[in-house]
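Given next are the chains, with one letter for each unit.
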Amino acid sequence: MSDVFTHPWLGGLFADDEIAALWRPEAQLAAMQAFEIAWSRALGRAGLVPEAEAEQAALAIGAMRFDLDDLRRGTGQDGVVVPRLVAQMKAAAGAAKGAVHRGATSQDVIDTALALAMRDTIIILEQRLAALDATLSDLDARFGAAPLMGRTRMQAATMVTVADRVAPWRLPLAGHRARLAALTPRVAKVQIGGASGDRAALGAAADRVAADVAGALGLGNPVRAWHAMRDGVAEFASVLSLISGTLGKIGQDIALMAQQGIGEISLSGGGTSSAMAHKQNPVLAELLVTLARFNAVQVSALHQAMVHEQERSGSAWALEWMVLPQMAEATGRALNAGLDLCAQITRMGEPG
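All of these numbers come straight from a predicted model, not from anything done at the bench.

Asker: Give a description of the overall build of the protein chain that names residues and reports values.
Answerer: On a plain count of helices and strands, the protein chain comes out with 12 helices and four strands. Across its three principal directions, the C-alpha atoms of the protein chain cover 80 × 40 × 35 Å. Every one of the 352 residues in the protein chain was classed for burial, and the buried ones make up 49%. For the protein chain, restricting intrachain contacts to residue pairs at least 6 apart in sequence, the fraction spanning at least 24 positions comes to 75%. Working note: accessible area of the protein chain is about 16000 Å², and carbon and sulfur atoms make up 55% of it. Charged side chains of the protein chain number 31 positive and 35 negative; the gap between the two group centres comes to 2 Å.

Asker: Can you break down the packing of helix α11 (residues 283-304) against helix α12 (residues 315-343) residue by residue, with the values?
Answerer: Two elements in contact, α11 and α12, have axes whose closest approach is 9 Å; the angle formed by their N-to-C orientations is 155°. On the basis of their axis angle, the class for α11 and α12 is roughly antiparallel. Where α11 crosses over α12, the handedness of that crossing is left-handed. A class-by-class count of the residues in the contact of α11 with α12 yields 17 nonpolar, six polar and three charged.

Asker: Help me get a handle on the pattern of salt bridges, residues and values and all.
Answerer: Under the definition given, this model contains 17 salt bridges. For the salt bridge of Asp70 with Arg84, the shortest nitrogen-to-oxygen distance reads 2.8 Å. Of this pair, Asp70 sits in helix α5 (residues 68-78) while Arg84 sits in helix α6 (residues 82-93); the two residues are 14 residues apart in sequence, bridging distant segments of the chain. Its relative accessible area of 15% is what places Asp70 among the buried residues. Two residues, Asp111 and Arg230, come together in a salt bridge whose shortest N-O distance is 2.8 Å. With Asp111 in helix α7 (residues 106-143) and Arg230 in the loop between α9 (206-217) and α10 (231-257), the pair connects residues that are 119 residues apart, well separated along the chain. Given a relative accessible area of 0%, Asp111 falls into the buried group.

Asker: Could you give an account of the side chain of Thr331, with specific residues and numbers?
Answerer: Within the secondary structure, Thr331 sits in helix α12. Residue classification places Thr331 among the buried positions, given a relative accessible area of 0%. At a separation of 3.5 Å, a polar atom in the side chain of Thr331 contacts the main-chain carbonyl oxygen of Leu240. When near neighbours in sequence (up to four residues on either side) are disregarded, Thr331 contacts Leu125, Leu240, Ile243 and Asn295.

Asker: Describe unusual backbone geometry, and please don't skip the residues or the numbers.
Answerer: A negative phi holds for most residues other than glycine; trans holds for most peptide bonds. Backbone geometry places Arg153, a non-glycine residue, at a positive phi of 55°. In this structure, Arg153 sits in the loop between β1 (147-152) and β2 (155-161). Positive phi outside glycine occurs at Met154, with the angle close to 65°. With respect to the secondary-structure elements, Met154 resides in the loop between β1 and β2.

Asker: How would you summarise the environment of Gln326 if you had to cite specific residues and measurements?
Answerer: Along the chain, Gln326 falls in helix α12. Classification of Gln326 as partly exposed rests on a relative accessible area of 23%. For the pair formed by Gln326 and Glu126, sequence separation is 200 residues and the distance between their alpha carbons is 18 Å. Dropping the residues within four chain positions of it, Gln326 is found in contact with Asp3, Phe5 and Phe294.

Asker: An account of the environment of Ser268 is requested, with residue identities and associated values reported.
Answerer: Inspection of the secondary structure assignment puts Ser268 in the loop between β3 (265-267) and α11. Among the residues examined, Ser268 registers a relative accessible area of 34% and is labelled partly exposed. Residues Ser268 and Arg347, spaced 79 residues apart in sequence, show a C-alpha to C-alpha distance of 9.8 Å.

Asker: A description of the packing of aromatic side chains should follow, citing residues and the corresponding values.
Answerer: Remark: the centre distance and the inter-plane angle together describe each pair of aromatic rings, the angle taken between the planes. Using the criterion set out here, one finds five aromatic pairs in the structure. Consider the rings of Phe5 and Phe294, whose centres lie 6.0 Å apart with planes at 70°: the pair is edge-to-face. Placement of the pair is Phe5 in the segment before α1 (11-14) and Phe294 in helix α11, with a sequence separation of 289 residues. We classify Phe294 as partly exposed; its relative accessible area is 24%. Members of the aromatic cluster, each reached through a chain of ring pairs, are Phe5, Phe14 and Phe294.

Parameters at a glance
- Residues numbered from 1 in each chain as written.
- Predicted model: local features only at pLDDT ≥ 70, side-chain atom pairs only at ≥ 80, totals over all residues.
- Heavy atoms only, no water.
- Helix = DSSP H or I, 4+ residues; strand = E, 2+ residues; numbered from the N terminus.
- Buried < 20%, exposed > 50% of the residue type's maximum accessible area, 1.4 Å probe, protein only.
- Contact = heavy atoms within 4.5 Å.
- Areas by Shrake-Rupley, 256 points an atom, 1.4 Å probe, with all protein chains shown as cover.
- Lys, Arg positive; Asp, Glu negative; His and termini not counted.
- Charge placed at Lys NZ, Arg CZ, Asp CG, Glu CD.
- Axes fitted to C-alpha atoms, helices over the stretch in contact; angles between N-to-C directions.
- Parallel < 35°, antiparallel > 145°, perpendicular 65-115°, else oblique.
- Left-handed = near helix turned anticlockwise from the far one by under 90°.
- Nonpolar A, V, L, I, M, F, W, Y, C, P; charged D, E, K, R; others polar.
- Salt bridge = Lys/Arg side-chain N within 4 Å of Asp/Glu carboxyl O.
- Polar contact = N/O pair within 3.5 Å; in protein donor to acceptor, adjacent residues only side chain to side chain.
- Phe/Tyr/Trp six-rings, centres within 6.5 Å; stacked < 30°, edge-to-face > 60°.

As far as function goes, none of this settles anything; it's purely spatial.
Written as structure tokens, this is what we have:
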């Protein structure tokens with residue numbers, strides 16, 4: 001059974017291929033591969049292994065193809081993919097295997113891949129937020145002066161304008177963009193800690209290796225490993241839920257405005273009914289509400305995943321893998337659906 005994002009027909013409603021591509025197994029493997037290539041070369045430049053051996057290992061890792069069945073079996077046994085991944089890399093490196101993964105640990109590899117996915121997701125979300133802000137500004141310019149019945153607790157209150165209704169849709173977007181900008185350095189950072197998070201296996205070369213790998217991958221270099229400090233990951237999830245929540249408010253308002261008998265908005269391209277030919281359902285508006293509620297539920301799991309015992313957790317860590325990719329895709333889909341929904345608006349304001 002597929003989830004709704006990969007389902008053969010439900011995916012038509014929920015999927016966001018651009019965001020999903022950043023979290024798919026192929027992208028994760030490529031990111032882990034990039035970490036190990038950078039790691040081998042950093043070991044060589046730091047003098048921990050011969051540079052020629054380090055370069056040989058890096059080239060071998062970059063050229064290899066992975067046995068996915070072996071990785072699946074290994075993950076079932078070890079709880080993480082990296083032991084089998086490294087075994088395959090060492091086999092590919094041959095005589096240079098001593099320059100593969102030396103001084104690193106599984107969490108370094110997986111969390112650095114996660115950091116790359118979060119960084120690249122933020123870039124896409126920021127671009128879409130900017131586009132949505134421009135789209136809402138255009139709606140305000142076109143329809144903002146039109147009168148509209150203000151409603152409190154879903155009851156008629158006093159007359160307002162379309163601009164008054166659109167303002168709470170648009171104004172939070174600047175805050176979300178500021179949150180993403182502030183969040184980036186807190187999540188786009190390399191993970192290097194080694195066995196117990198203290199980088200002890202690298203000795204005096206630890207800082208040099210960490211800076212080298214961070215530079216190669218375009219990530220920040222924290223003062224120590226964040227193995228058991230998951231506040232950045234939880235904050236990333238929280239911002240995702242805040243963004244989709246704002247989109248959910250837009251969707252809820254539009255669905256209510258589109259009700260027959262109220263008619264405060266006209267939409268083109270609504271969904272059809274199998275039983276009632278006269279209906280034009282506000283599908284995208286409803287989707288925004290669904291995605292907002294989905295993320296609001298999921299974000300609690302990431303706050304649970306902050307509770308890591310001692311220097312590393314297996315159970316809390318694995319919870320992130322189950323939840324975060326779906327939250328990212330839901331948020332991306334909400335932004336695209338919001339843009340498409342706004343493009344369908346042909347009229348706003350009290351019916352003529």
